[in-house]
Amino acid sequence: MKIILRALYLPNFIERNVWECEIPKQSHSLAAINFDRLTDSGIQGIIIDLDNTIISEDDRYMSPDAIAWIAQAKKLGLKLFILSNGKRHYRVRYWSDYLDIPAISPAKKPFPAAFCKAMAAMELAPERVVVIGDSLHTDILGAWIVGCSHIQVASLPHPPRWWEKLIGKYVQTAYPVDRELWEFQSSNYFKNN
Ligand SMILES: [Mg+2]
């Protein structure tokens, strides 16, 4: 009887675990996220965090190959939208213009309003959208509330805020010390691009 049950279960098991490409829940960086895994899962849009996901909040470090990864996402037809809790409007607008991705700030994540606005702007349902960010209590919790898939990336190094000194290790993943990190020097960078 057990053998029959296993035989009946096997095709489902294979289908769910081998053929179906599930979206990973974590990645050490943006550029390490595989587009095939996203598109095979039906993802058509990406809501992305800015601070410590693409660029450190003090503008010192950039996630390696983030610009190329974003360009590739656009090339594949994926829609992008930045949700930032950053209160410095001018800075978020600067990055929004530079990356040519619409943005809302402050997005007040994890509250759902900005997530819903972003999905409405992209004209996509939650199951077609993945949220990528570095913080559990804002990006990932917000994604979970509105029903989107989510990927938590490691936080780019940045000066810790007071609350991060207390609970940072519980809600963020430290950037791996053995991984490449790009120093962002705006004057040089923009001269060459
Ligand atoms: Mg962040």
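Residues numbered from 1 in each chain as written. Predicted model: local features only at pLDDT ≥ 70, side-chain atom pairs only at ≥ 80, totals over all residues.

## Observations concerning the packing of helix α5 (residues 112–122) against helix α6 (residues 136–146)
Look at α5 against α6: their axes get within 9 Å of each other, and the N-to-C directions meet at 70°. With respect to α6, the axis of α5 lies roughly perpendicular. As for the relative orientation of α5 and α6, their crossing is right-handed in sense. In this structure, α5 contributes Pro 112, Phe 115 and Cys 116 to the contact, and α6 contributes Gly 142, Ile 145 and Val 146. Here the residues of the contact of α5 with α6 sort into five nonpolar, one polar and no charged. (Axes fitted to C-alpha atoms, helices over the stretch in contact; angles between N-to-C directions. Helix = DSSP H or I, 4+ residues; strand = E, 2+ residues; numbered from the N terminus. Parallel < 35°, antiparallel > 145°, perpendicular 65-115°, else oblique. Left-handed = near helix turned anticlockwise from the far one by under 90°. Contact = placed C-beta atoms within 7 Å. Nonpolar A, V, L, I, M, F, W, Y, C, P; charged D, E, K, R; others polar.)

## Describing the sheet that holds strand β1 (residues 26–27)
Taken in spatial order, the six strands of this open sheet run β1-β7-β6-β2-β4-β5, and their pairing is parallel. A strand with exactly one partner marks an edge of an open sheet, and here the two such strands are β1 and β5 (103–104). Two strands pair when backbone bridges link them, and strand β4 (residues 79–83) and β5 are joined in this way by two bridges, in the parallel orientation. Within the sheet, the bridge partner assigned to Ile 82 lies in β5 and is Ala 103. Strand contacts of α5: β2 (45–48), β4, β5 and β6 (129–133), with the helix running at about 155° to β4, the strand carrying the most contacts. (Pairing = 2+ DSSP bridges.)

## A closer look at the environment of Ile 43
Structurally, Ile 43 can be placed in the loop between α2 (35–40) and β2. Distance from Ile 43 to Leu 124, taken between C-alpha atoms, is 9.5 Å for residues 81 residues apart in sequence. Setting aside its immediate chain neighbours within four residues, Ile 43 contacts Leu 38, Arg 128, Val 129, Val 130 and Ser 149.

## Focus on the pairing of β6
With respect to burial, β6 is a largely interior element, five of its five residues being buried. Because side chains alternate across β6, one face comprises the buried residues Val 129, Val 131 and Gly 133, and the other comprises Val 130 and Ile 132, equally buried. Sheet topology places β2 next to β6; four bridges connect them, and they run parallel. Within the sheet, the bridge partner assigned to Gly 45 lies in β6 and is Val 129. Relative to strand β7 (residues 149–153), β6 runs parallel, the two sharing four bridges. When the bridges of β7 are listed, Ile 132 appears paired with Ile 151. Crossover β6 to β7 through α6 is right-handed. (Buried ≥ 20, exposed ≤ 12 C-beta atoms within 10 Å, placed from the backbone. Right-handed = clockwise from strand over helix to strand, strands pointing away.)

## Description of α6
When α6 is considered as a whole, its buried residues turn out to be Thr 138, Asp 139, Ile 140, Gly 142 and Ala 143. End-on, the buried residues of α6 take up no more than an arc of 165°, which puts them together on one face. Each element contacted by the buried residues of α6 is listed here: α5, β6 and β7. One or two positions beyond α6, positive phi appears at Gly 147, with a value near 90°. (Arc of directions from axis to C-beta.)

## Thoughts on the nonpolar core
Counting 38 residues, the largest nonpolar core has Ile 47, Leu 83, Ala 118, Val 129, Val 130, Val 131 and Ile 132 as the members making the most contacts within it. Ignoring any residue separated from it by four or fewer positions in sequence, one finds Ala 118 in contact with Ile 47, Phe 81, Leu 83 and Ile 104. (Core = buried A, V, L, I, M, F, W, Y, C linked by C-beta atoms within 7 Å.)

## Structural notes on the pairing of β7
In terms of residue burial, β7 counts as a mostly covered element, since five of its five residues are buried. Residues Ser 149, Ile 151 and Val 153 point to one face of β7 and His 150 and Gln 152 to the other, with burial holding for every one of them. As paired elements, β1 and β7 share two bridges and run parallel to each other. Looking at the pairing, Gln 26 lines up with Gln 152 of β7.

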